[in-house]
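Overview (structure and organization)
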Amino acid sequence: MYALLRSILFQFAPEAVHVWTMRQLDRAYSIAPIRFLLKRSYQKKSASLHRKLWGIDFPNPVGLAAGFDKDAKHIDALACLGFGFIEIGTLTPKAQDGNPAPRLFRLPTDKALINRMGFNNDGVEKIAARLKDRKSKEHASIIIGGNIGKNKITANEDAW
């Protein structure tokens, strides 16, 4: 089944597939019985997985890296998949479009991607408001980190 789905998805641009897939995850998450099954399948609570680092209690050491949910639009749906933490971004002070497409490239033989997105994001203020206004209290305890970068128009000497 995975091979068939992969072959279908690989017929489309990787960035478009990412957006579509995240939309499907959000839809699935919005349906209570599916959300229950996702959580039951992926959220494993175990003392052996727990980590305390820098004074922060991580339920497990497996996190989602920055770049996957740049604009913090899918935090709750991703949290139900059992991540110990989610890093958002890269965020920049001001919103920016990033590099022109195509900017995400598959290397199928290496099972890899090349990311030349260029820090496309909604800007730190809009994303901070989105995090503050999250409706779900179900995943209120998910640890969210942020990856911060400079805007393209910011000179290096001004990028403190």
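Everything below is about the structure shown above.
Being a predicted model, the structure only gives us computed values, none of them experimental.

**Some details on a nonpolar patch on the surface**
Together, Met 1, Leu 4, Ile 8 and Phe 12 make up a nonpolar patch on the protein surface, roughly 490 Å² of accessible area in all. Counting through the fold element by element, Phe 12 comes out in the loop between α1 (2-9) and α2 (14-29).

**Looking at the pairing of strand β6 (residues 112-115)**
In terms of strand pairing, strand β5 (residues 104-107) meets β6 through four bridges, oriented antiparallel. The partner of Leu 104 across the bridge, within β6, is Asn 115. Adjacent in sequence and paired antiparallel, β5 and β6 are bridged by four residues, among which Lys 111 carries a positive phi angle near 50°.

**Comments concerning α2**
Between its first and last C-alpha, α2 extends 22 Å over 16 residues, near the 22 Å set by a 1.5 Å rise per residue. Among the residues of α2, Pro 14, Val 17, Met 22, Leu 25, Ala 28 and Tyr 29 are the ones counted as buried. Take α2 and look down its axis: the buried residues cluster within an arc of 130°, on one side only. Where the residues of α2 are buried, they touch α1, α3 (32-42), α4 (75-79) and β5.

**Some points on the sheet that holds strand β7 (residues 143-148)**
Within a beta sheet, neighbouring strands are joined by backbone hydrogen bonds and run either parallel or antiparallel to one another. Pairing is parallel in the open sheet, where three strands are placed in the order β3-β4-β7. Looking at the sheet topology across the chains shown, the edges are occupied by β3 (63-64) and β7.

**Some thoughts on the pattern of salt bridges**
Taken as a whole and assessed by the stated rule, the structure comprises four salt bridges. The shortest N-O distance in the salt bridge between Asp 57 and Lys 52 comes to 4.0 Å. Classification of Asp 57 by relative accessible area gives partly exposed; the value is 42%. The partner of Asp 122 in a salt bridge is Arg 130, and the shortest N-O contact between them spans 3.0 Å.

**A closer look at the packing of aromatic side chains**
Each aromatic ring pair is described using two quantities: the centre-to-centre distance and the angle formed by the ring planes. This structure, assessed with the given rule, holds two aromatic pairs. Pairing Trp 54 with Phe 58 gives two aromatic rings, centres 6.5 Å apart and planes at 80°, and the pair type is edge-to-face. Exposure remark for Phe 58: the relative accessible area of 9% places this residue in the buried category. Positioned over the ring face of Phe 10 is Arg 6, at 4.4 Å from the centre of the ring.

What counts and how
Residues numbered from 1 in each chain as written. Predicted model: local features only at pLDDT ≥ 70, side-chain atom pairs only at ≥ 80, totals over all residues. Heavy atoms only, no water. Patch = residues over 30% accessible without salt bridge, like charges linked within 9 Å, V, L, I, M, F, W, Y side chains within 5 Å. Areas by Shrake-Rupley, 256 points an atom, 1.4 Å probe, with all protein chains shown as cover. Salt bridge = Lys/Arg side-chain N within 4 Å of Asp/Glu carboxyl O. Helix = DSSP H or I, 4+ residues; strand = E, 2+ residues; numbered from the N terminus. Pairing = 2+ DSSP bridges. Expected span 1.5 Å × (residues − 1). Buried < 20%, exposed > 50% of the residue type's maximum accessible area, 1.4 Å probe, protein only. Arc of directions from axis to C-beta. Contact = heavy atoms within 4.5 Å. Phe/Tyr/Trp six-rings, centres within 6.5 Å; stacked < 30°, edge-to-face > 60°. Lys NZ or Arg CZ within 6 Å of the ring centre and 35° of its normal.

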